[in-house]
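Listed below are the residues making up each chain.
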Amino acid sequence: MLSCDVAIIGAGTAGMAALRKLKDTGLQVLMIDPEFRGTTCANTGCMPSKLIIAAAEAAHMARSATVFGVEAEPRIDGAAVMARVRKLRDEFASGTQNTLMDMTDGIRLQSRARFIGPNQLQLDDGRQVTAQRIIIATGSDPMLPGPYQALSDLCLTNETVFEIPDLPRSLAVIGAGPIGVELAQSFARLGVDVALFDTGSTVAGLSDRAVSDALADALRLEFPVHLDVTPEPRRAGDQVELSWGTDPSKRFDRVLVATGRPPNLDGLDLETTGLQLDDHGTPVFDPETLQCGDAPIFLAGDANAARPLLHEASSEGAIAGANAASWPDLGDATRMEPLAITFTRPNAATIGQVPQPGCATTVTGSADYTDQGRAKVEARAHGLLRIYADRHKGRILGASLAAPDGEHLAHLLAWAISAGMTASQMLDLPFYHPTVEEGLKSALRDICKATASPVTWSRDNGQPSGA
Ligand SMILES: Cc1cc2nc3c(=O)[nH]c(=O)nc-3n(C[C@H](O)[C@H](O)[C@H](O)COP(=O)(O)OP(=O)(O)OC[C@H]3O[C@@H](n4cnc5c(N)ncnc54)[C@H](O)[C@@H]3O)c2cc1C
């Protein structure tokens, strides 16, 4: 039987951020995790996925160089691609693991926890922990929907895909969310025969249909994207045969299932806490304090499913840690503007608030990246960017984009929104020529026009060549 002031369940990004806030408070903290393997981000998330995207980009650049009059036919060594992914991934993971080991020295309990009361935890190894305050930071886990469970030996998820020794010949990707589209495009660019499927009609989590369509059009130049379909899988020897819609069925060596990562709360026996649970079994929590009801229990990171992104997990861990330390006095955190980026080419992003179609209080400005100077120069002219602003003053509220170097545009927009800028204030800033940033100007000008916002008299309203 152990007791402490604060127990942190989960030693991932959110849990470590919470621990950093608690370290020098004098409170007695215990951190519980069955593996202490470092973060999902480093092991099976952000970093290995970006590594495979980087390899795919190299192959694509070589293959598409012919458009510039440069001939280069890439020969892809799949085993070498995956070996580099794992080598660098292991370096990133061991970095987080070393930090974790240093931070948790003396407070580490290597076990899986579940609740047996509002402030009591049962560990898998038989020990029990009584804690005055508890932070749940258990992350999320991949899931295999029903029809794929019997085919699990032929299915991959983000937990297994980076472990494959070589590239498969063919790959069906189920789920066109951020993880699915990033990996589908990467494997396609590495020469794998890829097809992407989703039951919904949009890709990369983009709720703006026009922007999603622009991204889907760009992706379809590289591999088939089947939306609004529910493929039915069946085993065909050592392959999976998928049938969908009216198209003929097709066999794939492997199926990558990327249908979402539900919060990892199932095994926590949360019903013993007396917390109010929503329809999905997630405790009802305050997004500004992360407190669950009135209990001294806090829910941070992917575990609350609100903003399942690395920078949010880290910020939520900090909020939960600080509030666990100061409980029962709690601070209301000012949350960051939403920012979600998908590293497809073109990059996709959603920033701030996306209004419902036809919303009467907002105006929308657009920039077409199929006809943008710098994007054309580099043979990357794909995509669409839309900025939403309030109809009254032209203040920027949000944006959706699928655009070359969109990850950088998304940051500029997120920072402008955070600073409360209007379209005319953004237009007043310097735009270098020729850059993809210049594409923003046409969207900002649309907004100024629609809101009759003033444009500084000393700025030229013209278009330099190719802007
Ligand atoms: C393929 C992929 C790509 C991604 N790419 C990006 C990206 O480019 N950018 C981005 O911002 N985000 C990305 N993400 C999301 C990002 O990785 C997550 O949002 C982030 O890692 C969540 O951190 P966390 O602390 O909530 O969870 P985790 O880091 O998963 O930590 C949860 C911890 O809880 C432990 N745990 C679980 N149950 C228990 C229990 N019962 N008892 C004790 N411990 C328990 C686990 O062992 C784990 O250590 C990606 C995710 C994936 C899968």
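Residues numbered from 1 in each chain as written. Predicted model: local features only at pLDDT ≥ 70, side-chain atom pairs only at ≥ 80, totals over all residues. Heavy atoms only, no water.

## Remarks on the packing of helix H1 (residues 13-22) against helix H4 (residues 78-104)
Let me state the cut-off plainly: For helices, the axis comes from a line fit to the C-alpha atoms of the stretch in contact; other axes are also lines fit to C-alpha atoms, and the angle between any two N-to-C directions lies between 0 and 180 degrees. Helix and strand definitions follow DSSP, with helices as H or I runs of at least four residues and strands as E runs of at least two, each counted in order from the N terminus. Roughly parallel means an angle under 35 degrees; roughly antiparallel, over 145; roughly perpendicular, 65 to 115; everything else is oblique. Left-handed is the label given to a crossing in which the near helix is rotated counterclockwise from the far helix by less than a right angle, and right-handed is the label when the rotation is clockwise. By the convention used here, residues are in contact when the closest approach between their heavy atoms is within 4.5 Å. Only Asp, Glu, Lys and Arg are considered charged in this grouping, and only Ala, Val, Leu, Ile, Met, Phe, Trp, Tyr, Cys and Pro are considered nonpolar; every other residue, Gly among them, is considered polar.
At their nearest, the axes of H1 and H4 sit 11 Å apart, and the two run at 40 degrees to each other. Between H1 and H4, the interaxial angle falls into the category oblique. With respect to the hand of their crossing, H1 and H4 are arranged in left-handed fashion. Packed against H1, whose contacting residues are Met16, Leu19 and Arg20, the element H4 presents Thr96, Thr99, Leu100, Met103 and Thr104 at the interface. Looking at the contact of H1 with H4 residue by residue, the class counts come to 4 nonpolar, 3 polar and 1 charged.

## Comments concerning the environment of Asp302
With respect to the element layout, Asp302 can be found in the loop between strand S15 (297-299) and helix H8 (310-326). Note: C-alpha distance between Asp302 and Ala423 (121 residues apart in sequence) is 33 Å. The contact partners of Asp302, leaving out residues within four places of it in the chain, are Gly139, Ser140, Pro263, Pro308 and Leu309.

## Describing the packing of aromatic side chains
To be explicit about the condition: Centres within 6.5 Å make a pair out of two Phe, Tyr or Trp rings, where for Trp the six-membered ring is used; the pair is then stacked when the planes are under 30 degrees apart, edge-to-face when over 60, and tilted otherwise. Classification of residues uses two cut-offs on accessible area relative to the type maximum, computed with a 1.4 Å probe and protein chains only: under 20% is buried, over 50% is exposed, and between them is partly exposed.
For the coordinates displayed, the defined rule picks out 2 aromatic pairs. Each ring, one from Phe197 and one from Phe252, has its centre 6.3 Å from the other, and the planes form 90 degrees; the classification is edge-to-face. Taken together, the residues Phe197 in strand S9 (residues 193-197) and Phe252 in strand S13 (residues 250-252) connect sequence positions 55 residues apart. Like Phe252, Phe197 is buried. Three or more aromatic residues link up through ring pairs in this structure, and these residues are Phe197, Trp244 and Phe252.

## A look at the nonpolar core
How we decide: In this description, a nonpolar core means a group of buried Ala, Val, Leu, Ile, Met, Phe, Trp, Tyr and Cys residues linked to one another through side-chain atoms lying within 4.5 Å.
Ala7, Ile8, Phe115, Leu121, Val129, Ile135 and Ile136 are the most contacted members of the largest nonpolar core, which totals 48 residues. Once you skip the residues sitting within four places of it in the chain, Ile136 turns out to touch Ile9, Phe115, Leu265, Leu268, Leu270, Ile297, Phe298, Leu299, Ala300 and Ala303. Grouped together as the second largest cluster of nonpolar side chains are 39 residues, Ala176, Val194, Val225 and Leu256 included.

## Observations regarding the side chain of Glu182
We count it as follows: Counting of polar contacts relies on pairs of N or O atoms within 3.5 Å, with two restrictions inside protein: one atom must be capable of donating a hydrogen and the other of accepting it, and residues adjacent in sequence are counted only when both atoms are side-chain atoms.
For Glu182, the position within the fold is in helix H6 (residues 178-189). Judged by relative accessible area, which is 5%, Glu182 ranks as buried. For Glu182, the side chain forms a polar contact with the main-chain nitrogen of Phe343, separated by 2.7 Å. In this view, Glu182 contacts Ser49, Lys50, Ile53, Ile341, Thr342, Phe343 and Thr344; residues no more than four positions away in its chain are not counted.

## Considerations on the pairing of strand S11 (residues 232-236)
Heads up, the rule is: Between any two strands, pairing holds if DSSP finds at least two bridges.
For S11 and strand S12 (residues 239-243), the ladder comprises 5 bridges, and the chain directions are antiparallel. When the sheet's bridge partners are listed, Arg235 is paired in S12 with Val240. Between S11 and S12, which pair antiparallel and follow one another directly, the connecting turn spans 2 residues, one of which, Gly237, has a positive phi of 65 degrees.

## Some remarks on the site of the ligand
Quick reminder of the rule: Note on definitions. A residue lies near a molecule or strand when any single heavy atom of the residue is within 4 Å of it. The Shrake-Rupley method, run with a 1.4 Å probe, gives the accessible areas here. Residue values count only the displayed protein chains as cover.
In the region of the ligand, 34 residues are neighbours, and Ala14, Asp33, Thr40, Lys50 and Asp302 sit closest. Between Ala137 and the ligand, the recorded distance is 3.5 Å, taken from a backbone N or O atom to an oxygen atom. At 3.4 Å, a backbone N or O of Pro308 approaches an oxygen atom of the ligand. In isolation the ligand has 1,000 Å² of accessible area, and contact with the protein removes 91% of it. Among the elements of the structure, H1, strand S2 (29-33), helix H2 (40-44), helix H3 (46-64) and H8 are those that each provide at least two residues to the shell around the ligand. Of the residues belonging to the shell around the ligand, the class tally is 16 nonpolar, 13 polar and 5 charged.

## Let's talk about H4
Rule in force here: For a helix, the expected span equals 1.5 Å multiplied by the number of residues minus one.
Taking 1.5 Å of rise per residue, the 27 residues of H4 would be expected to cover 39 Å, and the 38 Å separating its terminal C-alpha atoms lies within 8% of that figure. Within the span of H4, buried status applies to Gly78, Val81, Met82, Val85, Arg86, Arg89, Ala93, Leu100, Met103 and Thr104. Those residues of H4 hidden inside the fold are in contact with H1, S2, H2, H3 and strand S3 (108-110). Where H4 starts, the residue carrying a side-chain oxygen 3.2 Å from the main-chain nitrogen of Ala79 turns out to be Asp77. Trailing H4 by a residue or two, Gly106 shows a phi angle of about 85 degrees, which is positive.

## Structural notes on the sheet that holds strand S10 (residues 225-226)
Spatial ordering of the open sheet is given by S7-S14-S8-S9-S10, a layout of 5 strands whose pairing is parallel. The sheet is open, and its two edges are formed by strand S7 (155-156) and S10, each paired on a single side. Across 2 bridges, S7 lies against strand S14 (residues 254-257) in parallel orientation. Residue Cys155 lies in a different strand from S14, and its bridge partner there is Val255. Lying over the sheet, H6 contacts strand S8 (170-174), S9 and S14, oriented at roughly 160 degrees with respect to S9.

## Quick word on the packing of H1 against H8
Contact geometry for H1 and H8: axes closest at 7 Å, N-to-C directions at 35 degrees. Helix-helix and strand crossings are classified by hand; for H1 and H8 the assignment is right-handed. Counted together, Thr13, Ala14, Ala17, Ala18, Lys21 and Leu22 of H1 and Leu310, Ala313, Ser314, Gly317, Ala318, Gly321, Ala322 and Ala325 of H8 form the full contact between these two elements. Split by residue class, the contact of H1 with H8 holds 9 nonpolar, 4 polar and 1 charged.

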